[in-house]
Amino acid sequence: VLFVKFFTMNSIFIFELKAELNSDKKEKKKEAVKKVIASMTVGKDVSALFPDVVNCMQTDNLELKKLVYLYLMNYAKSQPDMAIMAVNTFVKDCEDPNPLIRALAVRTMGCIRVDKITEYLCEPLRKCLKDEDPYVRKTAAVCVAKLHDINAQLVEDQGFLDTLKDLISDSNPMVVANAVAALSEIAESHPNSNLLDLNPQTINKLLTALNECTEWGQIFILDCLANYTPRDDRESQSICERVTPRLSHANSAVVLSAVKVLMKFMEMLPKDLDYYGTLLKKLAPPLVTLLSAEPELQYVALRNINLIVQRRPEILKHEMKVFFVKYNDPIYVKLEKLDIMIRLASQANIAQVLAELKEYATEVDVDFVRKAVRAIGRCAIKVEQSAERCVSTLLDLIQTKVNYVVQEAIVVIKDIFRKYPNKYESVIATLCENLDSLDEPEARAAMIWIVGEYAERIDNADELLESFLEGFHDESTQVQLQLLTGIVKLFLKKPTETQELVQQVLSLATQDSDNPDLRDRGYIYWRLLSTDPVAAKEVVLAEKPLISEETDLIEPTLLEELICHIGTLASVYHKPPSAFVEGSRGVQHKRLPGSAESVESPEPASAAVPEASPSIIPSQGDLLGDLLNLDLTPPTSTAAPPPTSGLQMGAMDLLGGGLDSLVRPLGGDLGGNPMGAGFGAPASAMPPSFSAPASGGLDDLFDLGGGVGMPTGAYTPPKTMWLPAMKGKGLEISGTFARRSGVIQMEMTLTNKAMSVMTDFAIQFNRNSFGLAPAGPLQVLTPLSPNQSIEVSLPLNTLGPIMKMDPLNNLQVAVKNNIDVFYFSCQYPMSVLFSEDGKMESKVFLVTWKDIPNDNETQCQIKDCHLNSDAASNKLQGSNVFTIAKRTVEGQDMLYQSLKLTNGIWVLAELKVQTGSPVFTVSLKCRAPEVSQAVFQSYEAILRN
Amino acid sequence: MIGGLFIYNHKGEVLISRVYRDDIGYVAQRSFMVTSCIKPATLFNVNLFVCRRNAVDAFRVNVIHARQQVRSPVTNIARTSFFHVKRSNIWLAAVTKQNVNAAMVFEFLYKMCDVMTAYFGKISEENIKNNFVLIYELLDEILDFGYPQNSETGALKTFITQQGIKGQTKEEQSQITSQVTGQIGWRREGIKYRRNELFLDVLESVNLLMSPQGQVLSAHVSGRVVMKSYLSGMPECKFGMNDKIVIDKQGKGGDLYAFCCSGKQSIAIDDCTFHQCVRLSKFDSERSISFIPPDGEYELMRYRTTKDIILPFRVIPLVREVGRTKLEVKVVIKSNFKPSLLAQKIEVRIPTPLNTSGVQVICMKGKAKYKASENAIVWKIKRMAGMKESQISAEIELLPTNDKKKWARPPISMNFEVPFAPSGLKVRYLKVFESKLNYSDHDVIKWVRYIGRSGIYETRC
């Protein structure tokens, strides 16, 4: 009644309230403050009453006091000067004999977020942290976190952090729990501080408090425990043993946090240990029980189970039935359950799963039905024995003629064709009947793919594709690309009657479209077809690799991180905290601890990928010493890098039937790249070891495009991988060196493979043989967002400090960003050091040649070089190797050349070219013969490219 | 941690708002309410919207006023996460910008509902408006800077009262604080009853999904043991039931009871969870359930079983399509328990196609009615003894349609209540020890009751 009255007032008569607040009668005062609070709640501005309300603060009536405090918390920020008026009362209340009032004062104090008054609050807070009453202490512990949020420096200066640490040893479990919560939060904003100094002693204290504190306290403690890394498997086991009883707690959050600790620490247990098996068995029942909680919690639990099932499928493999969808589950629960059902589907339970999915496909919610249909297709791909039944189920569904069901079914049938070639093509006729009802790009693209792929079995394939062509420009890119590929396939299969069609589509794609992807693909097909139709056939109609069984898997490193965040929002969103938390909090990436028996690889596929050899990391000592300007956080010794998964390679196969069928053989033939990771493969899956051949292959591929090739000029080697993403915490750097108009350029491609934005790039070189140093700062102006690449060109000079390196052209580089400092070393081609003024007078050349002792002459052969002497001379000149004289003796061309290094060293060369022979002989003479070897390499590189 | 907490009515008006952290933005300082419904906007628009207004409005616009069904209980709008639960037509929303423990936030929201219910009954707009001062006081206590604190009503009621605390002595004050922060935060000291009495309710819900041929597709029982205790002092309790693991263990030791009920009489519990008063480490090591109970009513444990479930009813459906405009349905139900027991509140719901034009029903027992609005025939029987059988037959007239889509035939569902536990769970003992006061286990009057209800009890047809 009270409330209604307050809330229906049209305007607050501030004046009237003011009078009431200043009334002598306690009751009247209290009612007035209540009115003020009510107005505040609905958003009315009652800040004008600040002095009057604060005047009511000095009372021994606890209820009135609480109301005034509530008002203060709301308005202090907007009236900082007046907030100081309240300070005295707080200080006084913190010494009140009643612990409830002391606690109330210290609690409210922290909520007054006014910088000016914080320092007045330090003394009372200090007293309260050491209060005799645990209720006051537990409130004061949280207050430290509040104060830290307002003024971190103050909290550190006042030594409150140490007091807070002491509270971890408090006799009262709730004080311990709140201290842990406060410390965890503060530690999050200081990623590198050792604030939460977790050692076996503190862990023991936490585990003891765990048994005694409230359910919320247990959550704080478990979440904190999850950040600890046990020293060995025995410690890990003993912690697990003390955490498992929490799995029977009625509070789901306690259970999930306990699961998080167990999932994490389990990584360290040897798998042959009996206890390991026991623990696995213990995890299943509580996870199932979470599904009988309220729907919102079920949703949180299901999102987490989705992660757990991916990491450790064995835990829930027998529990399929509990994920069956109930008629009245909320839609968000239904969709999640369906996801998990597919993950758990296996030969053993497939019959039940299919029966369920068939039921779901007749429900009302469109999203749910679509997902169910898709799930049937995924079952077919996952469990071979069920494929036939799945296909017939899908056909039944197509017969329903429900538009979205049909479309969804066609999309999955395309994948089934890929998985089981030459088995189910008999259903094509049925599919073709539904051509007209397809209105979604994905379904249209799938259907076109099918028609193109099986053109020889479909009599009117040309008519069907032609019908799509009519509205070519209105289609989405996905459909356009597929249509292009489909028609090219058709042409290669039935060339006679479809010539017109293919010309039409090629011209549509190349001339009338402004989409670069489409245009490029069109040109590639065009050239292929016009150059060599037989090769085109081999390329376009090449056998397709099988598609993988599992889809939608979370990338393993992300999965590991998310496992460390079980129960939290990150695990609900399936995104790392940095993706949705602002500022510094939560940017640290968490990792699972390494297991006792080296790194375990969850997917067998990943084992096949060779690990990068660590050879490029130079001896750390002198490197670290030299790279001064960078803020030197020593490279954290992370556990062995998680193996890259081979699965993503599989994922690209699903992208588009046509594209990869084109790219695959090309990559294989030209680049000698066995993985066939052409355009589409996510580069994160590229093992660093193959970067060199792959880029070679790609260059060739581009050359083929129009014979454009590299502009003649200074030779620039292709980019090589310098820093793989695995070593760079997601930062991948590949690069090369070039000399452009007299300036040495370090050209790099920086790629962000991490989930967070990268900023603050800087670069530094170690001393090197020729004093190479950056001529300016590394210019990365915009932050590098995830999956973005940026090309950077860094001009270099040769004014840096000099130290002889081995090999001579070795360069050690440190790159810094907001995440860490990374070190790598690379070798620059000597040719970038060849200066423009390297042409010697011919007389001087002769004298010098004679002058240099013969001991300094080195000779070397360059094989497989199909150039004549003039071409070779031109090529070399582009890289500042100047031909001074040429003579021909018995069919052998002799070129005399000179070049000058940036540090003034002259190198003289004699190049013998036998006409018709691919072998060149180079003799070098130099006063500093050490450089010869590197110069040879450059010769070889320039001439061969 | 939780940055703020809001309670909205169904129109999206803010009834309670408590902001704990600056990052979520201050509460609207305006009384103006956006009542017009803004359609779910594009992401771009949403962001703009949030920038201009604040968290409170964002939630109203995007969730409460969204035309669609709720697609997720957690919504992220412009990097702010909203957790919400709905009780009747009241929305509770917790807001945060950090990576909080999501399970904890929901548990807290449920707990807050419990606390409010314990204080002023049903959560309704009127009750919230009438108790807003109390709610703020409670929120201040149970959520500090977004960290949940002790939220046991037993403890809270000792110092948060609507009357105000008067004349507390120093002892009383420190007793309150030690209780709120103590190990037994759920019970206060000094409780006295003239009659020591306790009530145990074993409440089970039995769930079934059966194929038309009578094959059990899935069946499970989820049960709760609810206790009402009116005991003096700080009694130590021990609860025993016919848990297979315990019985097997004791059977080896020669326990007579265990011997008697070995085999079929004991039940395999798949999993159980306990109220926070139960010593979990003791359960983990010895599988014994010992605790100091809260005063009054609370839920001691929850459990789940899937093996050897007694299915109280069997439904045998028979649906025949006679031509395109007629369906004949016959459903037989059989009760499958001791003849001396009576099932109550039996209701069988037989779905009918959407194009039903008329229904004729004949049933042997109870009353049956066709409810067009629910697209179902509802057959109600007040009581039915064990080992009996009853049947209903119906003729359903259909309007001819040209809808090609087949009728999905939803399952036949059933509701009932039986006076036994379908899981087979039996309470073996509940011992009470109170060493300081002079009453013993024998002086406590104990009541045990078993109620089995239908959960989702469906038979496909």
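Thresholds applied
All residue numbers refer to position in the chain's written sequence, counted from 1. Think of it this way: whatever chain is written first is A, whatever ligand is written first is 1, and the rest follow in order. Only residues with pLDDT of at least 70 are given local features in this predicted model, and only at 80 or more are side-chain atom pairs given and counted; all residues enter the totals for whole chains, interfaces and linings. Based on all heavy atoms of the structure, the side-chain values leave hydrogens and waters out of the count. UniProt positions are given in the numbering used here, feature names are shortened, and annotations may be inferred rather than shown by experiment. Where helices and strands are cited, they refer to DSSP runs of H or I of at least four residues and of E of at least two residues respectively, numbered from the N terminus. Only protein chains enter the area calculation, which uses a 1.4 Å probe; residues under 20% of their type maximum are buried, those over 50% are exposed, and those in between are partly exposed. Only the protein chains shown count as cover for residues, and the accessible areas themselves come from Shrake-Rupley with a 1.4 Å probe. Strands pair, by our definition, only if DSSP identifies at least two bridges between them. Inter-axis angles, ranging from 0 to 180 degrees, are taken between N-to-C directions of lines fitted to C-alpha atoms, where helices are fitted over the stretch in contact. Ring pairs shown here join Phe, Tyr and Trp side chains whose ring centres sit within 6.5 Å, with only the six-membered ring taken for Trp; geometry is labelled stacked below 30 degrees between planes, edge-to-face above 60, and tilted in between. Only when the NZ of Lys or the CZ of Arg is both within 6 Å of the ring centre and within 35 degrees of the ring normal is a charge said to sit over the ring. To count as a disulfide, a pair of cysteine sulfur atoms needs to be within 2.5 Å. The salt bridge criterion pairs a side-chain nitrogen of Lys or Arg with a carboxyl oxygen of Asp or Glu, the two atoms within 4 Å.

- Chain B has the name Adaptor related protein complex 2 subunit mu 1a in an unreviewed UniProt entry, where Neogobius melanostomus is given as its organism.
- Per UniProt, the comment on chain B under Sequence similarities (unreviewed entry) is "Belongs to the adaptor complexes medium subunit family."

- Going by what an unreviewed UniProt entry lists, chain A is known as AP complex subunit beta and is assigned to Neogobius melanostomus.
- As recorded by UniProt, the Subcellular location (unreviewed entry) comment attached to chain A reads in full: "Endomembrane system".
- Note on chain A: under the UniProt heading Sequence similarities (unreviewed entry), the record states "Belongs to the adaptor complexes large subunit family."

**Topic: the overall build of chain A**
Move 1: Secondary structure assignment for chain A yields 40 helices and 13 strands.
Move 2: Split into buried and exposed, the 945 residues of chain A put 58% on the buried side.
Move 3: Element-wise, carbon and sulfur atoms account for 51% of the exposed surface of chain A, whose accessible area totals about 38,600 Å².

**With respect to the sheet that holds strand E15 (residues 326-335) of chain B**
All names here are of chain B.
Move 1: The four strands are arranged E14-E15-E20-E17 in an open sheet whose pairing can be described as antiparallel. Sheet topology places strand E14 (313-322) and strand E17 (356-363) at the edges, where each strand pairs with a single neighbour. Across the sheet, the axes of successive neighbouring strands diverge by a mean angle of 15°, strand direction being ignored.
Move 2: Where E15 meets strand E20 (residues 389-398), nine bridges bridge the pair, whose relative direction is antiparallel. Bridging from a neighbouring strand, Val 331 pairs with Ile 392 of E20.

**Here we look at the pairing of strand E18 (residues 367-371) of chain B**
All names here are of chain B.
Move 1: As paired strands, E18 and strand E19 (residues 376-385) are joined by five bridges and run antiparallel to one another. Paired with Ala 368 across the two strands is Trp 379, which belongs to E19.
Move 2: In sequence, E18 turns back onto E19 through a hairpin of four residues, with Asn 375 there showing a positive phi of about 55°.

**Points about the packing of aromatic side chains**
Move 1: On inspection of all chains with the given rule, the structure shows 27 aromatic pairs over all chains.
Move 2: Their ring planes at 50° and their centres at 4.9 Å tell us that Tyr 71 of chain A and Tyr 75 of chain A sit as a pair that is tilted. Here the residue Tyr 71 of chain A and the residue Tyr 75 of chain A both occupy positions in helix H5 (residues 62-75), the gap between them amounting to four residues, near one helical turn.
Move 3: Owing to a relative accessible area of 0%, Tyr 71 of chain A belongs among the buried residues under this scheme.
Move 4: For the ring pair Phe 337 of chain B and Phe 420 of chain B, a centre distance of 5.5 Å and an interplane angle of 50° mean the geometry is tilted. Taken together, the residues Phe 337 of chain B in the loop between E15 and strand E16 (342-351) and Phe 420 of chain B in the loop between strand E21 (412-418) and strand E22 (427-433) connect sequence positions 83 residues apart.
Move 5: Feature note: the residues Phe 313, Phe 337, Phe 416, Phe 420 and Tyr 457 of chain B constitute an aromatic cluster, connected by ring pairs.
Move 6: The positively charged end of Lys 431 of chain B is found above the aromatic ring belonging to Tyr 429 of chain B, 4.3 Å away from the centroid.

**Description of the sheet that holds strand E2 (residues 731-740) of chain A**
Residues and elements named next belong to chain A.
Move 1: The strand order E1-E2-E3-E6-E5 describes an open sheet built from five strands, whose pairing is antiparallel. The open sheet has two free edges, formed respectively by strand E1 (720-723) and strand E5 (773-774), since each of these has just one partner strand.
Move 2: With two bridges connecting them, E5 and strand E6 (residues 789-797) associate as antiparallel partners. Looking at E6, one finds that Pro 774 is bridged to Leu 796.

**A word on unusual backbone geometry**
Excluding glycine, residues mostly have negative phi values, and the peptide bonds linking residues are mostly trans.
Residues and elements named next belong to chain A.
Move 1: For the bond from Asp 806 to Pro 807, the omega torsion is -5°, close enough to zero to count as cis.
Move 2: As for its placement among the helices and strands, Pro 807 is situated in the loop between E6 and strand E7 (810-816).
Move 3: You will see that Ser 741, though not glycine, has its phi angle at about 35°, which is positive.
Move 4: Although it is not a glycine, Asp 760 adopts a positive phi angle of roughly 55°.
Move 5: Mapped onto the elements of the fold, Asp 760 is located in the loop between strand E3 (743-752) and strand E4 (762-765).

**Some thoughts on the state of the cysteines**
As used in these notes, a disulfide is a covalent bond between sulfur atoms, one from each of two cysteines.
Residues and elements named next belong to chain A.
Move 1: If you walk through the whole model with that rule in mind, you get zero disulfides over all chains.
Move 2: This cysteine, Cys 128, is not joined by any disulfide, and Cys 94 carries the nearest cysteine sulfur, 4.1 Å off.
Move 3: Exposure remark for Cys 128: the relative accessible area of 0% places this residue in the buried category.

**Concerning the pairing of strand E13 (residues 296-305) of chain B**
All names here are of chain B.
Move 1: Within E13, seven of the ten residues are buried, which leaves it mostly tucked inside the rest of the structure.
Move 2: As paired strands, strand E9 (residues 216-230) and E13 are joined by nine bridges and run antiparallel to one another. From the neighbouring strand, Val 226 faces E13, where its bridge partner is Glu 299.
Move 3: Of the pairings in the sheet, the one linking strand E11 (residues 271-274) to E13 comprises four bridges and is antiparallel in character. Within E13, the position partnered with Asp 271 by the bridge is Arg 304.

**As for the pattern of salt bridges**
When their charged atoms lie close together, side chains carrying opposite charge are able to pair.
Move 1: On inspection of all chains with the given rule, the structure shows 65 salt bridges over all chains.
Move 2: For Arg 460 of chain B, the salt bridge is made with Glu 359 of chain A, and the minimal N-O distance between the two is 3.8 Å. Here the residue Arg 460 of chain B occupies a position in the segment after strand E23 (445-459), and Glu 359 of chain A occupies one in helix H20 (residues 350-360), the pair thus bridging two chains.
Move 3: With a closest N to O distance of 3.1 Å, Lys 753 of chain A and Glu 732 of chain A form a salt bridge.

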